[in-house]
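Residues per chain are reported as follows:
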Amino acid sequence: MRRAAMEMTGAGVSPGAGCGPAYLVGVAVPEPPLGSRHDGDGDAEIARAEASVERVAADLEVRGEAAGGDAQDVLLAQAMIARDPVLAADVAELIRLGTTAERAVYEAFMKYHDLLAEVGGYLGERVADIDDIRDRVIADLSGVPIHGLPGEAEKPYVLVARDLAPADTATLSKEVVAAFVTEQGGPTSHTAILARSMGVPAVVACANATSIMDGTLLLVDGTTGRIVLEPSEDEIHAIVRAATVRGTVLASATGPGATLDGHRVSLLANIGGPQDLPSAIHHGAEGVGLYRTEFLFLDREEAPSEEEQEAAYRQVLDAFPGGPVVVRVLDAGGDKPLGFLPPIEDEPNPALGERGIRILRIFPEVMEGQLRALARASKSSSARLHVMAPMVATAEEARWFTEAVHAAGLSSAGIMIEIPAAALRAADLAAAVGFFSVGTNDLAQYLFAADREVGTLRDLQDPWQPVLLDLVALAASAGVPCGVCGEAASDPALACVLVGLGVTSLSMGAPALPWVRATLARHTLDQCRAAAVAARSAPTAEAAKAAARVHLPGLVDLAV
Ligand code: PEP
Ligand code: MG
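How each quantity is defined
- Residues numbered from 1 in each chain as written.
- Chains lettered and ligands numbered in written order.
- Predicted model: local features only at pLDDT ≥ 70, side-chain atom pairs only at ≥ 80, totals over all residues.
- Heavy atoms only, no water.
- Helix = DSSP H or I, 4+ residues; strand = E, 2+ residues; numbered from the N terminus.
- Rg over C-alpha atoms; globule rule 2.2 N^0.38 Å.
- Buried < 20%, exposed > 50% of the residue type's maximum accessible area, 1.4 Å probe, protein only.
- Contact = heavy atoms within 4.5 Å.
- Areas by Shrake-Rupley, 256 points an atom, 1.4 Å probe, with all protein chains shown as cover.
- Lys, Arg positive; Asp, Glu negative; His and termini not counted.
- Charge placed at Lys NZ, Arg CZ, Asp CG, Glu CD.
- Core = buried A, V, L, I, M, F, W, Y, C linked by side-chain atoms within 4.5 Å.
- Donors = N, O, S within 2.8 Å, 3.2 Å for Na, K, Ca; no water.
- 1 Å grid on protein atoms, 1.4 Å probe; cavity = no way out; pocket = protein on both sides within 12 Å on 5 of 7 lines; lining within 4 Å.
- Points joined across faces, edges and corners; volume = space filled by probe spheres on them.
- Nonpolar A, V, L, I, M, F, W, Y, C, P; charged D, E, K, R; others polar.
- Pairing = 2+ DSSP bridges.
- Right-handed = clockwise from strand over helix to strand, strands pointing away.
- Phe/Tyr/Trp six-rings, centres within 6.5 Å; stacked < 30°, edge-to-face > 60°.
- Near = heavy atom within 4 Å.
- Polar contact = N/O pair within 3.5 Å; in protein donor to acceptor, adjacent residues only side chain to side chain.
- Sits in = over half its atoms within 2 Å of the grid points.
- Axes fitted to C-alpha atoms, helices over the stretch in contact; angles between N-to-C directions.
- Salt bridge = Lys/Arg side-chain N within 4 Å of Asp/Glu carboxyl O.

(A) Structural detail: the overall build of the protein. Within the protein one finds 23 helices and 16 strands. The C-alpha radius of gyration of the protein comes to 25 Å, within 12% of the 24 Å expected for a compact globule of 560 residues. Overall size of the protein, expressed as C-alpha extent along the three principal axes, is 75 × 70 × 45 Å. For the protein, with 560 residues in total, the buried portion stands at 54%. A fraction of 68% describes how many contacts in the protein between residues 6 or more apart in sequence connect residues 24 or more apart. When the accessible area of the protein is evaluated, it comes to approximately 23800 Å², of which 56% is carbon and sulfur surface. A distance of 6 Å separates the average location of the 43 positive side-chain charges in the protein from that of its 74 negative side-chain charges.

Pasting the structure below:
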């Protein structure tokens, strides 16, 4: 009789399959006891802390140089954080009050840990970096070794951890690590970024991963997020073979996006700033479909100058000569508060409060500054700049935005469709703007009244929900070009459905681009349309997915 294999799932963030024994990374350095006091020589204790911080920063730099590439950037950034004078001042102040260097370092770093964790999103995922520097300094001060990883192994192992620090992963190689599995982290966490750049499969956000016993044989699929414990030989062969086939198919998927019968669909990248450009270019993006400009400024207490903004915008425009670059003006509020905007009164429900274009209408000068910086940046560039507004609900808001964009001397103004009211009245809004871009993340959140930050509501946020597809269809048939830049665009099968609904461009996190390109290239526009009709006729998200797949035979080839 065949034994039922134990399985776990998380989010697949680096494609491919890896198999090996689990290697559990040890727990973090213990917290120095609250209230621990030094012997009274504050200056000596401060000097001890400073020397330790410097040793850790220098060590991070050395590791960075050894690793090179993306990892070096990450480790150099960590070394810079370690040497941050504000942090040093916080540590010194606590020591002057009598706290030991170990405890002072702990408390000072935790202040920043809490700040970042509260902001969440991209910055929230930097918490692991802060914690790692903290642990390294405390370990150095107390003379204990930092939890380490084997530099070599008999056979490649699957690294399992609560979260991984860049300093640990950067010097590892494909020969040693078959895959990464972490309990925490998201697609933009450093584990994900580094795993992708190493070409090692990775699954993050896998609940209870650290309950896996050391040495358990694991089979990790970094595309689907599936982890099989103690897999059979057959399972290993099937998954590894599928991953190899996919690798070959992906490597041959190049060039602009199009269906099998030549219907063009621009494949664009979602970026948070110039740091995301190398990946976008590497994965063959034809341009940028969503530049989340608020990511540039999430950690700022003072408004960035127009010159600084102009430089950040120019870098992105220059990366895509002749290509489209869709810049979204600040989408602040909700889960993305900006420190330099005057505080909005306490809101019981920030996701339903002053956010996106609503904040920009309260502080129009902030948006006008941004538009001026964009207009100047685009003067010297051949990229086709499009500017869009987030969280637009009414035609009146859309008109207000278009007028402001035109007044700044820019020609192409569009809006995001991420509020059901905007989708339902898409035809009215289309009269006021040049293009739409559907934000399926927020559209699902508002359509189902299901907070996108709440993991237990995941089913309701599923972009395969037929009613969500109905709204996309409304937007796509309103008479203006309509892209999708929410996460839905990065699901290869759903991407075909979106094209079948009439969507004209797809924008996504760059690693998904080859998958979507290869999937589109295997299907005709008619097949995409048939898949869209079938999905919309289904009663549930799951049924929609199954119904669409019947019309998309090329998915089997790609094993997606
Ligand atoms: C969306 O809501 O789908 C979107 C793309 O915007 P963001 O994820 O930045 O809110
Ligand atoms: Mg949104």
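From this point, the discussion proceeds with the structure in view.
(B) Looking closely at the nonpolar core. Phe436, Val497 and Leu506 are the most contacted members of the largest nonpolar core, which has 101 residues in total. When neighbours within four sequence positions are excluded, valine 497 is seen to be in contact with Trp464, Leu469, Cys528, Ala531, Ala532, Ala535 and Ala548. Counting residues in hydrophobic clusters, the runner-up holds 31 residues, among them Leu60, Ala108, Ala139 and Leu141.

(C) Region of interest: the coordination of the magnesium ion (ligand 2). Donor atoms from the polypeptide that bind the magnesium ion (ligand 2) are Glu418 (OE) and Asp442 (OD), placed at 2.0 to 2.2 Å. Taken together, the positions of glutamate 418 in the loop between strand E13 (413-417) and helix H15 (420-424) and aspartate 442 in helix H17 (residues 440-447) put the pair 24 residues apart, joining distant regions of the chain. The same class applies to glutamate 418 and to aspartate 442, which are both buried.

(D) Local environment of empty space enclosed by the protein. What the rule picks out here adds up to 1 cavity of 30 Å³ or more. The volume enclosed by the largest cavity comes to roughly 80 Å³. Contributing elements (two or more residues each) for the lining of the largest cavity: strand E10 (288-292) and H17. Of the residues assigned to the lining of the largest cavity, the class counts are 3 nonpolar, 3 polar and 7 charged.

(E) Main features of the pairing of E10. When you tally the buried positions in E10, you get 5 out of 5 residues, the bulk of the element. For strand E9 (residues 266-271) and E10, the ladder comprises 3 bridges, and the chain directions are parallel. Among the inter-strand pairings, alanine 269 is bridged to a residue of E10, identified as valine 288. The parallel pair E9 and E10, bridged by helix H10 (residues 277-282), forms a crossover whose chirality is right-handed. Each parallel crossover has a hand, and the one from E10 via helix H11 (residues 306-319) to strand E11 (residues 324-328) is right-handed.

(F) Molecular detail of the packing of aromatic side chains. One pass over the full model with this rule turns up 3 aromatic pairs. Relative to tyrosine 313, the ring of tyrosine 291 has its centre 6.0 Å away and its plane inclined at 80°; by these criteria the two rings are edge-to-face. Of this pair, tyrosine 291 sits in strand E10 while tyrosine 313 is found in helix H11, placing the two residues 22 residues apart along the sequence. Looking at tyrosine 291, the relative accessible area reads 0%, which means it is buried. Looking at tyrosine 313, the relative accessible area reads 1%, which means it is buried. Each ring, one from phenylalanine 297 and one from phenylalanine 340, has its centre 6.4 Å from the other, and the planes form 80°; the classification is edge-to-face. On the criterion of sequence distance, the pair formed by phenylalanine 297 in the loop between E10 and H11 and phenylalanine 340 in the loop between E11 and helix H12 (357-362) is long-range, its members being 43 residues apart. The two residues phenylalanine 297 and phenylalanine 340 agree in class, both being buried.

(G) Spotlight on unusual backbone geometry. Although it is not a glycine, alanine 205 adopts a positive phi angle of roughly 50°. Inspection of the secondary structure assignment puts alanine 205 in the loop between strand E6 (202-204) and strand E7 (217-221). Positive phi outside glycine occurs at alanine 449, with the angle close to 50°. If you trace the backbone, alanine 449 turns up in the loop between H17 and helix H18 (466-476).

(H) Quick peek at the site of ligand 1. The immediate surroundings of ligand 1 are formed by 14 residues, with Arg292, Arg328, Gly439, Asn441 and Arg452 found nearest. Arginine 328 is positioned such that a nitrogen or oxygen atom in its side chain is 2.8 Å from an oxygen atom of ligand 1. Within the backbone of threonine 440, one N or O atom sits 3.1 Å away from an oxygen atom of ligand 1. Protein chains bury 98% of the 290 Å² of accessible surface belonging to ligand 1 in isolation. When each cavity is represented as a set of grid points, ligand 1 is found to reside in the largest cavity. For the shell around ligand 1, the secondary structure elements donating two or more residues are E10 and H17. Among the elements that take part in the shell around ligand 1, H17 stands out by supplying 3 residues, more than any other.

(I) Quick peek at the sheet that holds strand E2 (residues 11-14). With mixed pairing, the 8 strands of this open sheet are ordered in space as E1-E8-E7-E3-E4-E5-E6-E2. Bordering the open sheet on either side are strand E1 (6-9) and E2, each of which pairs with just one other strand. Averaged over all pairs of adjacent strands, the angle between their axes in this sheet comes to 30°, without regard to strand direction. Across 3 bridges, the pairing between E2 and E6 is antiparallel. Residue pairing across strands places serine 14 opposite alanine 202, the latter belonging to E6. Running at roughly 30° to E7, helix H9 (residues 233-251) makes contact with strand E3 (17-24), E7 and strand E8 (226-229) of the sheet.

(J) Expanded view of the pattern of salt bridges. Taken as a whole and assessed by the stated rule, the structure comprises 26 salt bridges. Between glutamate 294 and arginine 328 there is a salt bridge, with the nearest N and O atoms lying 2.6 Å from each other. Of this pair, glutamate 294 sits in the loop between E10 and H11 while arginine 328 sits in strand E11, and the two are 34 residues apart along the sequence. Classification of glutamate 294 as buried rests on a relative accessible area of 0%. Between glutamate 306 and arginine 376 there is a salt bridge, and its shortest N-O distance comes to 3.3 Å. Placement of glutamate 306 in helix H11 and of arginine 376 in helix H13 (residues 364-379) is noted, with a sequence separation of 70 residues between them. Arginine 376 gets classed as partly exposed once you look at its relative accessible area, which sits at 33%.

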